[in-house]
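Residue strings, one per chain:
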Amino acid sequence: MSLPHHAIRTLAVLGAGQMGTGIALVSSLRAKVPVLLHDKSPQQTKKGLTFLEKLLEKDVNKGRITSSEAKEARDRITVVGEEAGLKGLRDADMVVEAVSENLELKQMLFSNLAREVNPNAILASNTSSISITKIASAAIPKDVSAASEEGKKISGRVVGLHFFNPVPVMKLVELISALQTSQDTLDRARSFAVACGKEVTVSKDVPGFVSNALLMPFINEAIMHLEKGIATRDDIDTTLKLGMNHPMGPLQLADFIGLDTCLAIQETLYNGTRDSKYRPSVLLERMVDAGWYGKKSGKGFYEYS
Ligand code: CAA
């Protein structure tokens with residue numbers, strides 16, 4: 001059987017949080033590729049897989065897929081444990097990194113990935129705002145010049161592939177080209193996202209790309225409205241839900257994304273543009289200081305049981 005255009009025979013997903021688990025699910029269920037799922041925390045992997053199995057079961061109960069399709073999708077996912085490390089991903093043709101929004105962490109991972117995995121594999125980041133060009137530079141070993149053929153080949157494999165939460169539900173993937181990304185990498189990454197059932201938009205590599213450069217000031221402004229006492233939490237969210245037909249109000253959406261993630265993205269926007277319009281609100285900073293990260297920690301603007 002001939003391979004689809006993306007030519008991905010095995011995908012690796014780095015990080016088994018809500019994004020990584022969702023990416024593993026759509027890759028296995030929709031694109032039907034075997035997935036290697038790796039997270040340094042076995043507890044996180046277990047939690048992610050339990051959630052993924054629940055989503056497959058729900059799809060079966062709703063008659064969208066058969067139980068054998070669900071079983072096949074689950075069986076295509078293999079957990080690569082901590083002992084195997086990144087070496088356990090060496091057979092992947094594409095790696096999608098979905099760890100937390102931390103530039104140093106991503107740079108360290110891409111430097112290691114470029115060494116450990118198949119030298120032709122696409123290295124994609126699901127970052128919501130961090131420069132793909134910076135990540136691509138980090139993939140080049142220190143003793144290799146960025147302008148050499150070898151340096152260009154390594155960094156040309158790096159691309160931004162930004163999924164949205166909840167990944168199984170949201171129809172979009174934002175494709176971001178680093179300055180170094182090759183056309184072949186872009187074409188194959190796009191084709192893979194389409195095989196996962198997603199529509200693709202393209203953004204230049206600017207802080208926050210299109211999605212978060214527009215969404216985060218909106219969320220931040222809503223938090224500032226709350227901070228200034230202009231309206232209550234419920235009135236802010238209800239205004240946007242009922243007045244503008246948004247599925248969630250901005251404060252509920254911030255909780256859903258994670259307040260720590262919102263703050264990390266806003267700091268990237270603020271530091272990357274040096275534009276005061278992106279300055280995170282003090283209330284958001286304090287809530288993150290307090291460990292109130294939103295839905296995932298049980299408390300944010302709302303309480304969750
Ligand atoms: N994971 C997977 N599926 C989920 C889910 C989750 N965390 N939460 C809800 N769903 C599914 C439900 O199972 C349900 O599926 P079925 O139709 O198969 O039953 C479907 O979503 C609808 O759920 P509900 O009926 O329970 O609730 P709802 O109608 O209120 O929809 C929602 C929930 C889809 C999350 C909707 O509120 C929504 O679209 N919210 C906005 C989400 C959004 O804006 N996401 C983007 C965030 S930004 C981002 O991700 C990128 C970034 O860089 C920060």
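- Identification of the protein chain as 3-hydroxybutyryl-CoA dehydrogenase from Marasmius oreades is taken from an unreviewed UniProt entry.
- The Sequence similarities (unreviewed entry) comment attached to the protein chain in UniProt states, word for word, "Belongs to the 3-hydroxyacyl-CoA dehydrogenase family."
- Within the UniProt record for the protein chain, the comment given under Pathway (unreviewed entry) is "Lipid metabolism; fatty acid beta-oxidation."

**What to know about the overall build of the protein chain**
So, step 1. For the protein chain, the helix and strand inventory stands at 12 helices and eight strands.
So, step 2. Within the span of the protein chain, comprising 305 residues, buried residues form 49% of the whole.
So, step 3. Side-chain charges of the protein chain comprise 37 positive and 35 negative groups, with the mean position of each set lying 2 Å from the other.

**A look at the packing of helix 1 (residues 18–29) against helix 2 (residues 42–61)**
So, step 1. Relative orientation of the contacting elements helix 1 and helix 2 amounts to 45 degrees, with a least axis distance of 10 Å. One finds that helix 1 runs oblique with respect to helix 2. Crossing geometry of helix 1 relative to helix 2 is assigned as right-handed. Contacts between helix 1 and helix 2 involve Thr21, Ala24, Leu25 and Leu29 from the former and Gly48, Leu52, Leu55, Leu56 and Asp59 from the latter.
So, step 2. Among the residues forming the contact of helix 1 with helix 2, the class breakdown is six nonpolar, two polar and one charged.

**Remarks on the site of the ligand**
So, step 1. For the ligand, the set of nearby residues contains 20 residues, the closest of which are Lys62, Arg64, His162, Asn165 and Asn212.
So, step 2. At the level of secondary structure, the elements contributing two or more residues to the shell around the ligand comprise helix 2, helix 8 (211–227) and helix 10 (250–257).
So, step 3. Along the lines of polarity and charge, the residues of the shell around the ligand split into 13 nonpolar, four polar and three charged.

**With respect to the UniProt feature "site: Important for catalytic activity" (unreviewed entry) in the protein chain**
So, step 1. On the UniProt side, "site: Important for catalytic activity" (unreviewed entry) is annotated at positions that read His162 here.
So, step 2. Examined against the element boundaries, His162 turns out to sit in strand 6 (residues 158–163).
So, step 3. For His162, a relative accessible area of 4% corresponds to the buried category.
So, step 4. Among all residues touching His162, those that are not within four sequence positions of it are Ser125, Asn126, Thr127, Ser128, Leu172, Val173, Glu174, Ile176, Phe209, Ser211 and Asn212.

**Section: the pairing of strand 6**
So, step 1. In terms of burial, strand 6 is largely enclosed, as six of its six residues are buried.
So, step 2. As paired strands, strand 5 (residues 122–125) and strand 6 are joined by three bridges and run parallel to one another. Residue Leu123 lies in a different strand from strand 6, and its bridge partner there is Val158.
So, step 3. Bridge count between strand 6 and strand 7 (residues 172–177): five bridges; the pairing is antiparallel. What sits directly across from Gly160, in strand 7, is Ile176.

Cut-offs and rules
- Residues numbered from 1 in each chain as written.
- Predicted model: local features only at pLDDT ≥ 70, side-chain atom pairs only at ≥ 80, totals over all residues.
- Heavy atoms only, no water.
- UniProt positions renumbered as here; feature names shortened; annotations may be inferred.
- Helix = DSSP H or I, 4+ residues; strand = E, 2+ residues; numbered from the N terminus.
- Buried < 20%, exposed > 50% of the residue type's maximum accessible area, 1.4 Å probe, protein only.
- Lys, Arg positive; Asp, Glu negative; His and termini not counted.
- Charge placed at Lys NZ, Arg CZ, Asp CG, Glu CD.
- Axes fitted to C-alpha atoms, helices over the stretch in contact; angles between N-to-C directions.
- Parallel < 35°, antiparallel > 145°, perpendicular 65-115°, else oblique.
- Left-handed = near helix turned anticlockwise from the far one by under 90°.
- Contact = heavy atoms within 4.5 Å.
- Nonpolar A, V, L, I, M, F, W, Y, C, P; charged D, E, K, R; others polar.
- Near = heavy atom within 4 Å.
- Pairing = 2+ DSSP bridges.

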